[in-house]
Amino acid sequence: MACKATRRLVDLVVISDVHLGTYGCRAKALVQYLKTIRPQTLVLNGDIIDVWQFSKRYWPKSHTKVIKELMNFVSEGIQVYYVTGNHDEMLRRYVGFELGSLKVVNKVLLPLADGKQAWVFHGDVFDITMQHSKWLTRLGAIGYDMLILLNSLVNFVSEKIFRKGKISVSKKIKNSVKSAVKFINSFEQTAAEIGISNGYDYVVCGHIHHPEIRTITTEKGQILYCNSGDWIENLTALEYHEGEWTLYHHPEQQAPVAEEPEAEPSTGELFETMLEEFNLLRIPAPTETAF
């Protein structure tokens, strides 16, 4: 475990699609990552808590640890933006809310050290299914979570019986379905075109669980498109430091394995945890973060 003094300094970190509260969430891996970095600015780019599938019957300790690590950043005065997504859309009614250095937003425009601007938003605004058939989208989310559980069984059989490595069933399905590939390409192109029309240098999204950094050129110009991926399958984050964007891939990247539910804490334990969290919220006044 890295102590604060040895944490890696990063100007900007963007993570998205963590889906806390679901079986597919790789919370333990995310906690490991968060303990190794000290960003100047952290953007939580949507779908951090999966409100759609949230159930009080499933909330492992590792999911609480993710929240505590994030609040530790806030308590240290690190600028944290919570960009709302579709799975945590209920937070959109609280846009503009600030708690110390934490701010809830729908999108954010960040000035970077190289004098350029990064336009950051989740990306579900481009999802036609999300806009017009929300019930169908939610059904798909449940099916995706069940596919993650099925993937765990497939990997168990692959490793224990056939002595082969892990595979990601959901990735293979997405990569083999032409409509899925077409949707990803359309998503990236739309984000790039709007970013270019507004004169931005970088457009940063999440939502589609497809990590990417690539330059997109149109008749009106070009832009660097970045997608932070997810913490279910890809275990990725975007990092910007000293003028360069990179995709972080967690070294434990593998096909997802659902975490076992843990014993539900007693009322006394919940109360002690709440007191501890409130102590973390005694935060100094926010300061401007420039990088």
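Engineer: Would you mind going over the sheet that holds strand S9 (residues 212-218) in detail, with residue names and values included?
Structural biologist: Read across the sheet, five strands follow the order S6-S7-S8-S10-S9 without closing on themselves; strand pairing throughout is mixed. A strand with exactly one partner marks an edge of an open sheet, and here the two such strands are strand S6 (107-111) and S9. Between one strand axis and the next, the sheet turns by 20° as a mean value, whatever way the strands run. Sheet topology places strand S8 (residues 202-205) next to strand S10 (residues 221-227); four bridges connect them, and they run parallel. Across the sheet, residue Val 204 finds its bridge partner in S10, namely Cys 226.

Engineer: Summarise the pattern of salt bridges; cite the residues concerned and give the values.
Structural biologist: Once their charged atoms are close, side chains differing in charge can pair, the charge on each being opposite to the other. Inspection of every chain in the model, using the stated rule, returns seven salt bridges. We note a salt bridge from Arg 7 to Glu 69, for which the minimum N-O separation is 3.9 Å. Of this pair, Arg 7 sits in the segment before strand S1 (8-15) while Glu 69 sits in helix H2 (residues 61-75), placing them 62 residues apart in sequence. Glu 69 shares its class with Arg 7; the two are buried. Glu 69 serves as the salt-bridge partner of Lys 35, at 2.8 Å between the closest nitrogen and oxygen.

Engineer: Please give an account of unusual backbone geometry that cites residues and values.
Structural biologist: Excluding glycine, a negative phi dihedral is what most residues carry, and trans is how most peptide bonds are arranged. Of note in this structure, His 19 is not a glycine but carries a positive phi near 60°. Here His 19 falls in the buried class, since its relative accessible area comes to 5%. The phi dihedral of Asp 47 is positive, around 55°, even though this residue is not glycine.

How each quantity is defined
Residues numbered from 1 in each chain as written. Predicted model: local features only at pLDDT ≥ 70, side-chain atom pairs only at ≥ 80, totals over all residues. Heavy atoms only, no water. Pairing = 2+ DSSP bridges. Helix = DSSP H or I, 4+ residues; strand = E, 2+ residues; numbered from the N terminus. Axes fitted to C-alpha atoms, helices over the stretch in contact; angles between N-to-C directions. Salt bridge = Lys/Arg side-chain N within 4 Å of Asp/Glu carboxyl O. Buried < 20%, exposed > 50% of the residue type's maximum accessible area, 1.4 Å probe, protein only.

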